[in-house]
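Coordinate analysis (summary)
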Amino acid sequence: SEIEKVTSLDEDRILRRYLDVIHATLRTNYYQVDDEGNQKSYLSFKLNPHAIPELPQPLPLYEIFVYSPRFESVHLRTSKVSRGGIRWSDRREDFRTEILGLMKAQKVKNAVIVPSGAKGGFVPKSLPTDGNRETLMAEVIACYKNFMRGLLDITDNQVLGKIVQPKNTICYDDVDPYLVVAADKGTASFSDIANSISKEYNFWLGDAFASGGSAGYDHKKIGITARGAWESVKRHFREMGFDTQSTPFTVVGIGDMSGDVFGNGMLQSNYIKLVAAFDHRNIFIDPNPDAQKSFDERARLFQLPRSSWEDYDPKLISKGGGVFKKSAKSISLTPEIKTLLGLNVDQITPNDLIKAILTAQVDLLWNGGIGTYVKAELERNTDVGDRTNDFVRVNGSELRAKVFGEGGNLGCTQLGRVEYALHGGRCNTDFIDNSGGVDCSDHEVNIKILLNDIVAKGDLTEKQRNKLLVDMTNEVAEDVLKDNYQQALAISLALVHSGTHGELYRRYLNDQEKLGLIDRQLEFLPTDKELVERKIQNISLTRPELAVLLSYSKINIKSAILATDLPEDSYLKHAVITAFPTQLQKKFSSQIMNHRLRREIIATQLSSTLVNQMGVVFVYRIQDETGATVGEVVRAYSSAYEIFKVDQLYDLVNSLDHQVPADIQIEMLLHIKRLLRRATRWLLRNRRAQLDVKACIAYFAPGVAKIVDIIPSLMVGVTKEYMENLTRQLVRVGLPTAIASRIAGCRAMYTALNIVDLATQNKFDLVESAKVFFAVGAKLELAWFRDQLNANSLEDYWDSIARASLRDDLDVQQRIITISILQQNTEIKNVDKRMKAWMTHYEPLLTRWFVILANMRGATNLTFIMFYVAVRELYDLTKLILQTS
């Protein structure tokens, strides 16, 4: 009878197909049994969703459906190595739809970690109705346990390094032993329960099956999710010239102090002035709070075993404020509340008061609760899928908070975020802001996989392992927060870059869609028509949209890396070491190198670093310009990164937070990105056949280190003027001259590769080679020519390819001329005199070159045809040089 109860839904046909399978199975008396031969109270099926074309997108890779008269549950995975939370769902009729949406969100959230996205949910069907919490939870836990058993019943295990398939099971899928779960809505304290089932099944992951248990990292205790989201909040305010850690600012919030994300979030700064907040029980309003006293009171509430806003000391609430029940028919408004929320009525319903709080004119809206409270104007409440909050939901265009921090999941629809951003609001997405939780869990699981193997071999006791986990808590947290910091910064850099390279991003979106790597409609990304309309209004992609592209870029590059031999590269394979705390690096480096997820960890480290630092379209652009594979791009980028010691430059710039204006910092970082991009392209153009990372670094790094500090003094023309102006600007804001000069000089620093290569191959003096190379650029006005070429901002596809090609050709010509000068008139030691002698020798062809340059200077509009003609004339000169050398 339970099987036949299916209500009329959009997915009715799909659900009926599932239930038909179950019904037929029961009818023919196929059932699962335990080790003693007793029939189990549930049945587990592992399905291939791609065999059911009617299923809504996105299709999981695997789906496990567990049926029981007491509950139904589903677990969806996007890849073999996936992770995500298990939630107690109250949506019995369409819980798969709920879990599917969460799985999609988890996929983009998990871009920063090793596994891809997964999500699971269960619906108890026989909950007690007597209202007793203990009885209720006993039934929920019983359902949860059988759900976990159902998952492990049809999951491969590993015993002594060998795959062991489940008993009494015919397996049609490939080997698939990686299955982890995490706590989610309604199951926050269930990790130990899940791990007890893992132990019961002797599952190879042990207590790494469910992170956050008694021997894991307690997210609420270390506040990692809220602290990670606060990195985004600080980034938004920093770019407004505001420091949340030293200046009072007003906040409204969703949640209460007993909650992990809301509670920890509202303790991240002593300068928070929380003027209003609400949860499912109460509405809290404090029109003019004392920042320090209210902070102390929030801290007190947070320490209580359970608390609500009704526990807030009323004596500490400012005049006109109070705590009101959501169940009240109406609430009387004081003059102070009216002023705070811009209301002009004396009485208001709780729902309308919540709407007023959400749209209050404050500095920050902090979401640390459960529910979707913001949508786009064009969306209907029925589109949102959260009926509970239909009567309090507002539109993104109505939000007046300067910043929206998303510590909680799904507080805003994606279209709502975009609408808010298009109206001047500052936000990312929930999967960016609150990724600290899943990142921390991933660190825990990877560490436990490592240490559990060591424990199994007798080289470590379980007690020692647990102590190690505790000792490493702070370092793990710092690593996670660094990821949050870098992702928020990466979106800021992409926002600036997409504003000047809109056509590049449009092409990227179209090509990714054609390749099936991103579903534009599913991810609410703008169409070409919308992008054109925005361009007319001088609007580019928004931060929420760039957040989606950032995540997918990481996902797709990680997947491409795993399809290559990059994780086996003698240099890059050491990236696995940096994914672990220093204590483990020192004690167990050899074991880390043999980690079960070594390849996946390396791919994650490489893709995350590359995209965070180089942006969404970097690999796409380099491939477009050079035809290189993803593997070749990663090798060239990794070589350039080490050759120029870019990590030191990034750390230096990031250390200047609140010392240097944020826009100056971003400009500095864009200069570093430009250096890396040009160096990567140069290596692909000139060293692709020899792109062994370790050998490449050994070949170039010593020479680059020798001349990198003298290059700024050798620059000429517009490049020199720009560098000097930027250097002065950086010095004015507090940077030492040497550091300012180094950052400003990044614009031409990639030429060091050319200089080192020509000097090494021809056995020239390195410093002399550098001087001649830049003298050629000055005397033949190649520096001016290159500056004009770079200044041409046409965004047509072929124009961008032409510009890159011309730059490469110019580098080749300058190199040939430099070698010619260094080989001739060796008795002349003065660079200027040697240059003059060489120019006299090739005067006829040089005269023609200078005439063309003069014509270009006099032109009102420089076209790529003119650049091509000029480079052709230069080619005639270098051809003669090669013929006579």
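Described in the following lines is the structure provided in the data block. (Residues numbered from 1 in each chain as written. Predicted model: local features only at pLDDT ≥ 70, side-chain atom pairs only at ≥ 80, totals over all residues. Heavy atoms only, no water.)

1. Looking at the pairing of strand E2 (residues 62-67)
Consecutive residues of a regular strand have side chains that alternate between opposite faces of the sheet. Just so we agree on the cut-off: Only protein chains enter the area calculation, which uses a 1.4 Å probe; residues under 20% of their type maximum are buried, those over 50% are exposed, and those in between are partly exposed. Runs of E in the DSSP output that reach at least two residues are strands. Runs of H or I that reach at least four are helices, and both are numbered from the N terminus. Here a strand pair is declared whenever DSSP counts at least two bridges between the two strands.
Counting buried positions along E2 gives 6 out of 6 residues, so the element sits mostly inside the fold. The two faces of E2 match: Tyr-62, Ile-64 and Val-66 on one face and Glu-63, Phe-65 and Tyr-67 on the other face are all buried. Both strand E1 (residues 43-47) and E2 contribute to a ladder of 5 bridges, which runs antiparallel. Directly across from Leu-47, in E2, lies its bridge partner Glu-63. Looking at chain direction, E2 and strand E3 (residues 71-77) are connected through 6 bridges and run antiparallel. Residue Phe-65 lies in a different strand from E3, and its bridge partner there is Val-74. From the end of E2 to the start of E3, which pair antiparallel, there are 3 residues.

2. Thoughts on the sheet that holds strand E12 (residues 282-285)
Convention followed: To get an axis, a line is fitted to the C-alpha atoms, and for a helix only the part in contact is used. The angle between two axes follows their N-to-C directions and goes from 0 to 180 degrees.
Sheet architecture is open: 6 strands sit in the order E13-E12-E11-E10-E16-E19, paired in mixed fashion. Unpaired on one side and paired on the other, strand E13 (322-325) and strand E19 (403-406) mark the two borders of the sheet. Mean inter-strand twist for the sheet, computed between neighbouring axes without regard to direction, equals 25°. Strand direction decides the pairing type here: E12 and E13, joined by 4 bridges, are antiparallel. Bridging from a neighbouring strand, Ile-285 pairs with Gly-322 of E13.

3. Quick word on a nonpolar patch on the surface
Definition in use: Two distance rules govern patches: like charges are joined within 9 Å, and nonpolar side chains (Val, Leu, Ile, Met, Phe, Trp, Tyr) within 5 Å, applied only to residues with over 30% relative accessible area and no salt bridge. Calculation of accessible area relied on Shrake-Rupley with a 1.4 Å probe; when residues are assessed, cover is drawn exclusively from the protein chains displayed. We define a salt bridge as a contact between a side-chain nitrogen of Lys or Arg and a carboxyl oxygen of Asp or Glu at a distance within 4 Å.
A cluster of nonpolar side chains, namely Val-159, Leu-160 and Val-164, defines an oily patch on the protein surface of about 310 Å² accessible area. In this fold, Val-164 is placed in strand E8 (residues 162-164). When its relative accessible area of 37% is taken as the criterion, Val-164 is described as partly exposed.

4. Regarding the state of the cysteines
Rule in force here: Disulfides are defined in this document as cysteine sulfur pairs within 2.5 Å.
Applying the stated criterion across every chain yields a total of 0 disulfides. Here Cys-412 is not disulfide-linked; the sulfur of Cys-427 is the nearest cysteine sulfur, at 6.6 Å. Among the cysteines around Cys-696, which has no disulfide bond, Cys-746 carries the closest sulfur, lying 18 Å off.

5. Description of unusual backbone geometry
Note: most residues except glycine have negative phi, and most peptide bonds are trans. Its identity is not glycine, yet Asn-202 carries a phi of approximately 50°, on the positive side. If you trace the backbone, Asn-202 turns up in the loop between helix H4 (191-200) and helix H5 (219-222). By relative accessible area, which is 59% here, Asn-202 ends up exposed. The phi dihedral of Asn-538 is positive, around 60°, even though this residue is not glycine.

6. Observations regarding the pattern of salt bridges
In total, this model carries 55 salt bridges according to the counting rule given. Taking the shortest distance from any N to any O, the salt bridge between Asp-453 and Arg-596 comes out at 2.9 Å. Here Arg-596 lies in the loop between helix H21 (589-593) and helix H22 (598-614) and Asp-453 lies in helix H14 (residues 436-456), a separation of 143 residues in the sequence. With a shortest N-O distance of 2.8 Å, Arg-685 and Asp-808 are connected by a salt bridge. Within this pair, whereas Arg-685 is found in helix H26 (residues 662-687), its partner Asp-808 is found in helix H35 (residues 797-823), the two being separated by 123 residues in sequence. What makes Arg-685 partly exposed here is its relative accessible area of 40%. We classify Asp-808 as buried; its relative accessible area is 13%. Three or more residues are tied together by salt bridges with common partners; here these are Glu-503, Arg-506, Glu-513, Arg-520 and Asp-528.

7. Re the packing of helix H27 (residues 693-707) against helix H32 (residues 751-762)
Note the following rule: Each angle receives one of four descriptions, namely roughly parallel if under 35 degrees, roughly antiparallel if over 145, roughly perpendicular if within 65 to 115, and oblique otherwise. Two helices cross in a left-handed way if the nearer one is turned anticlockwise from the farther one by less than a right angle. They cross in a right-handed way if the turn is clockwise. Contacts are residue-level and defined by heavy atoms, with any inter-residue pair within 4.5 Å sufficient. Ten residue types, Ala, Val, Leu, Ile, Met, Phe, Trp, Tyr, Cys and Pro, are classed as nonpolar, four, Asp, Glu, Lys and Arg, as charged, and the remainder, Gly among them, as polar.
Axis separation between H27 and H32 bottoms out at 9 Å; the angle between their running directions is 110°. Comparing their axes, H32 and H27 come out roughly perpendicular. Crossing angle aside, the handedness with which H27 passes H32 is right-handed. Facing Tyr-699, Phe-700, Gly-703, Val-704 and Ile-707 of H27, the residues of H32 in contact are Ala-752, Leu-753, Ile-755, Val-756, Asp-757, Thr-760 and Gln-761. When the residues that make up the contact of H27 with H32 are grouped by side-chain class, the tally is 8 nonpolar, 3 polar and 1 charged.

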